[in-house]
Amino acid sequence: MEILLIIVSILLIAIVLLQSGKAESASNVIGGGNDDLFANRKERGGELFITRSTMVLGALFFIICLILGF
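In this text, all values refer to a predicted model and were calculated from it rather than measured experimentally.

Focus on the nonpolar core
Here is step 1: Judged by nonpolar contacts, Leu5, Val8, Leu12, Ile15, Ile50, Leu57 and Ile64 together constitute the single largest core of 7 residues.
Here is step 2: When residues of this core are traced back to their parent elements, those giving at least two are helix 1 (2-18) and helix 3 (46-69).
Here is step 3: Here the element with the most residues in this core is helix 1; it accounts for 4 residues.
Here is step 4: When near neighbours in sequence (up to four residues on either side) are disregarded, Ile64 contacts Met1, Leu4, Leu5 and Val8.

What follows is the structure, given as C-alpha coordinates:
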(Lines give C-alpha, C1' and ligand atoms only; values in the text may rest on other atoms or scores of the structure.)
Protein backbone atom coordinates (compact mmCIF):
# COMPACT_ATOMS: atom_id res chain seq x y z
CA MET A 1 0.00 0.00 0.00
CA GLU A 2 2.94 2.32 0.66
CA ILE A 3 4.20 1.79 -2.88
CA LEU A 4 0.80 2.80 -4.24
CA LEU A 5 0.95 5.96 -2.12
CA ILE A 6 4.38 6.82 -3.50
CA ILE A 7 3.20 6.30 -7.09
CA VAL A 8 0.08 8.43 -6.54
CA SER A 9 2.18 11.12 -4.87
CA ILE A 10 4.61 11.33 -7.78
CA LEU A 11 1.76 11.43 -10.31
CA LEU A 12 -0.01 14.13 -8.31
CA ILE A 13 3.12 16.28 -8.18
CA ALA A 14 3.67 15.87 -11.92
CA ILE A 15 0.08 16.70 -12.85
CA VAL A 16 0.02 19.77 -10.62
CA LEU A 17 3.19 21.06 -12.26
CA LEU A 18 1.57 20.60 -15.70
CA GLN A 19 -1.37 22.86 -14.84
CA SER A 20 -1.46 26.34 -16.28
CA GLY A 21 -1.23 29.27 -13.88
CA LYS A 22 -4.70 30.37 -12.86
CA ALA A 23 -3.39 32.92 -10.39
CA GLU A 24 -2.47 35.37 -13.13
CA SER A 25 -5.91 36.95 -12.95
CA ALA A 26 -5.53 37.44 -9.19
CA SER A 27 -2.51 39.65 -9.76
CA ASN A 28 -4.55 41.69 -12.23
CA VAL A 29 -7.20 42.30 -9.59
CA ILE A 30 -4.64 43.66 -7.14
CA GLY A 31 -2.82 45.63 -9.82
CA GLY A 32 -6.01 47.07 -11.27
CA GLY A 33 -6.09 45.26 -14.59
CA ASN A 34 -9.66 44.21 -15.23
CA ASP A 35 -9.54 43.35 -18.93
CA ASP A 36 -10.52 39.71 -18.46
CA LEU A 37 -11.72 39.79 -14.87
CA PHE A 38 -15.25 38.67 -15.69
CA ALA A 39 -14.39 36.55 -18.71
CA ASN A 40 -16.10 33.20 -18.68
CA ARG A 41 -13.37 30.81 -19.73
CA LYS A 42 -14.19 27.10 -19.81
CA GLU A 43 -11.59 24.41 -19.67
CA ARG A 44 -11.49 22.20 -22.72
CA GLY A 45 -9.48 19.28 -23.94
CA GLY A 46 -6.16 18.90 -22.18
CA GLU A 47 -6.91 21.40 -19.43
CA LEU A 48 -10.12 19.60 -18.51
CA PHE A 49 -8.30 16.25 -18.42
CA ILE A 50 -5.55 17.64 -16.20
CA THR A 51 -8.07 19.24 -13.84
CA ARG A 52 -10.09 16.06 -13.49
CA SER A 53 -6.94 13.97 -13.10
CA THR A 54 -5.79 16.27 -10.31
CA MET A 55 -9.10 15.85 -8.48
CA VAL A 56 -9.04 12.06 -8.84
CA LEU A 57 -5.41 11.73 -7.76
CA GLY A 58 -5.97 14.10 -4.83
CA ALA A 59 -8.96 12.10 -3.62
CA LEU A 60 -7.05 8.86 -4.07
CA PHE A 61 -4.10 10.27 -2.12
CA PHE A 62 -6.42 11.35 0.70
CA ILE A 63 -8.17 7.97 0.87
CA ILE A 64 -4.90 6.02 0.85
CA CYS A 65 -3.52 8.23 3.63
CA LEU A 66 -6.64 7.62 5.71
CA ILE A 67 -6.40 3.85 5.16
CA LEU A 68 -2.73 3.81 6.13
CA GLY A 69 -3.47 5.94 9.19
CA PHE A 70 -5.89 3.44 10.68
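Structural notes on helix 3
Here is step 1: The end-to-end C-alpha distance of helix 3 is 34 Å, a good match for the 34 Å that 24 residues give at a rise of 1.5 Å each.
Here is step 2: Taken together, the buried positions of helix 3 are occupied by Ile50, Thr51, Ser53, Thr54, Leu57 and Ile64.
Here is step 3: Where helix 3 is buried, its residues touch helix 1.

Some remarks on helix 1
Here is step 1: Taking 1.5 Å of rise per residue, the 17 residues of helix 1 would be expected to cover 24 Å, and the 25 Å separating its terminal C-alpha atoms lies within 8% of that figure.
Here is step 2: When helix 1 is considered as a whole, its buried residues turn out to be Leu5, Val8, Ser9, Leu12 and Ile15. Viewed end-on, helix 1 has its buried residues packed into an arc of 140°, placing them on one side of the element. Of the exposed residues in helix 1, the ones pointing more than 90 degrees away from its buried face are Ile3, Ile6, Ile10, Ile13, Leu17 and Leu18.
Here is step 3: Those residues of helix 1 hidden inside the fold are in contact with helix 3.

Some remarks on a nonpolar patch on the surface
Here is step 1: Among the surface-exposed residues, Met1, Leu4, Phe62, Ile63, Leu66, Ile67, Leu68 and Phe70 lie close enough to one another that they form a single nonpolar patch of about 840 Å² accessible area.
Here is step 2: Here the nonpolar patch gets 5 residues from one element, more than from any other, and that element is helix 3.
Here is step 3: Assignment of secondary structure puts Leu4 in helix 1.
Here is step 4: The exposure class assigned to Leu4 is partly exposed, which follows from its relative accessible area of 40%.

So, the packing of helix 1 against helix 3
Axes are the key here: two packed helices are described by the angle between their axes and the distance separating the axes.
Here is step 1: Following both chains from N to C, one finds helix 1 and helix 3 inclined at 150°, their axes separated by 9 Å at the closest point. Between helix 1 and helix 3, the crossing angle belongs to the class labelled roughly antiparallel. The handedness of the crossing between helix 1 and helix 3 is left-handed. Within the contact between the two elements, helix 1 uses Glu2, Leu4, Leu5, Val8, Ser9, Leu11, Leu12, Ile15, Val16 and Leu18 and helix 3 uses Ile50, Ser53, Thr54, Leu57, Gly58, Leu60, Phe61, Ile64, Cys65 and Leu68.

Basis of the calculations
Residues numbered from 1 in each chain as written. Predicted model: local features only at pLDDT ≥ 70, side-chain atom pairs only at ≥ 80, totals over all residues. Heavy atoms only, no water. Core = buried A, V, L, I, M, F, W, Y, C linked by side-chain atoms within 4.5 Å. Buried < 20%, exposed > 50% of the residue type's maximum accessible area, 1.4 Å probe, protein only. Helix = DSSP H or I, 4+ residues; strand = E, 2+ residues; numbered from the N terminus. Contact = heavy atoms within 4.5 Å. Expected span 1.5 Å × (residues − 1). Arc of directions from axis to C-beta. Patch = residues over 30% accessible without salt bridge, like charges linked within 9 Å, V, L, I, M, F, W, Y side chains within 5 Å. Areas by Shrake-Rupley, 256 points an atom, 1.4 Å probe, with all protein chains shown as cover. Salt bridge = Lys/Arg side-chain N within 4 Å of Asp/Glu carboxyl O. Axes fitted to C-alpha atoms, helices over the stretch in contact; angles between N-to-C directions. Parallel < 35°, antiparallel > 145°, perpendicular 65-115°, else oblique. Left-handed = near helix turned anticlockwise from the far one by under 90°.

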